[in-house]
Amino acid sequence: AREERKAVDVNPTAARPAPIALPPVASFTMASFNLLGSSHTNRGGHSPGMADGPTRMGGALQILAQHQITVVGFQEFQPNQRATFLRRASGWQLYPGLSMGRRAGENSVAWRADTWELVRPGLVPIPYFNGRIRPMPYVLLRHRTTGVQAYFSTFHNPANIGGNMQRHRNEATRRQINLFNQLEASGTPQFVTGDMNERDEYFCKVTGATPLVAAAGGTNDGGCRPPRPAQIDWIFGSPGAQWTNYLVDKSALVRRTTDHPVIVASSTTDATDRKS
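Residues numbered from 1 in each chain as written. Predicted model: local features only at pLDDT ≥ 70, side-chain atom pairs only at ≥ 80, totals over all residues. Heavy atoms only, no water.

A few points about the overall build of the protein chain
Helix and strand content of the protein chain: 6 helices and 14 strands. Looking at the protein chain alone, contacts between residues at least 24 apart form 66% of all its contacts between residues at least 6 apart. Surface exposure of the protein chain reaches about 13400 Å², of which carbon and sulfur atoms provide 50%. (Helix = DSSP H or I, 4+ residues; strand = E, 2+ residues; numbered from the N terminus. Contact = heavy atoms within 4.5 Å. Areas by Shrake-Rupley, 256 points an atom, 1.4 Å probe, with all protein chains shown as cover.)

Structure (structure tokens):
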């Protein structure tokens, strides 16, 4: 005999669970970019065969557009290069740029004003060559479309030019780690760029003492395994950030523009409070 089907009472007006509100998510592409300071391509500099700094800024702007960068940490950003950037880079804003004198702006964060707006700037004193202090920037930006906020910072630690600068790099790294942990404690995601002039050493110190992860990969869960190949130019981010499209750009255009690769990565992050 055919079994009788039981009727199911469906009440279309019955209360349904309210949808869960998901945090807004921002996706963007960023870069760490050592521009090769103008003084290095002048007579007596270590790259005299390259064009001068202001001329090379045209290549830098082309690279940013090519990769659709919306936020970038610059190093070796000397005053005539900053002036050229501010004159030619339509739609970009910069901190500290030329606003705080010659030294402070050599490391500057720049962002597309149609994508990000400045919430709050900051500077941290970092030892540079022979321990001379340079103020280096971090900024809190708000993503205009989603409202997601994030900190972005950029640093340049001294190379072994004119002597062994290891102790100054060690102190620079210690101060940077302190800042990273302070910003992580705020619950707001952060992104770090810089020419750290160290490979495995910097990765292991930062990932061993902070929650940050490198866009290039690598792990540090009791045993430190840096990404391969490791660069001296880095991008790090908070642990909730999702990384894609990591690229070490050594193209012909980059080689005409600077003596460093340009480090590019895309990230997706949300406004989740990371203090919990």
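Some details on the environment of Ile-69
Mapped onto the fold, Ile-69 is located in the loop between helix H1 (53-66) and strand S2 (71-75). Residues Ile-69 and Ala-110, spaced 41 residues apart in sequence, show a C-alpha to C-alpha distance of 10.0 Å. Not counting residues within four places of it along the chain, the set of residues in contact with Ile-69 comprises Thr-29, Met-30, Ala-31, Leu-64, Trp-92, Arg-112 and Val-264.

Concerning the environment of Gly-37
In this structure, Gly-37 sits in the loop between strand S1 (25-34) and H1. Its relative accessible area of 0% is what places Gly-37 among the buried residues. Remark: the alpha-carbon pair of Gly-37 and Glu-76, spanning 39 residues in sequence, is separated by 4.6 Å. Excluding residues within four positions of it along the chain, Gly-37 makes contact with Arg-56, Glu-76, Gln-78 and Gln-81. (Buried < 20%, exposed > 50% of the residue type's maximum accessible area, 1.4 Å probe, protein only.)

Focus: the sheet that holds strand S3 (residues 92-95)
Spatially, the 6 strands line up as an open sheet ordered S3-S4-S2-S1-S14-S13, and their pairing is mixed. Each of the sheet's edge strands pairs with one partner strand only, and the pair in question is S3 and strand S13 (242-249). Pairwise comparison of adjacent strand axes, ignoring direction, gives a mean angle of 20° for this sheet. The sheet contact formed by S2 and strand S4 (residues 108-112) spans 4 bridges and is antiparallel. Bridge assignment links Gly-73 to a residue of S4, and that residue is Val-109. Those strands touched by H1 are S1, S2, S3, S13 and strand S14 (262-270), and its axis lies near 155° from that of S1. Where helix H2 (residues 79-88) meets the sheet, it contacts S2, S3 and S4, and its direction lies at approximately 150° from that of S3. (Pairing = 2+ DSSP bridges. Axes fitted to C-alpha atoms, helices over the stretch in contact; angles between N-to-C directions.)

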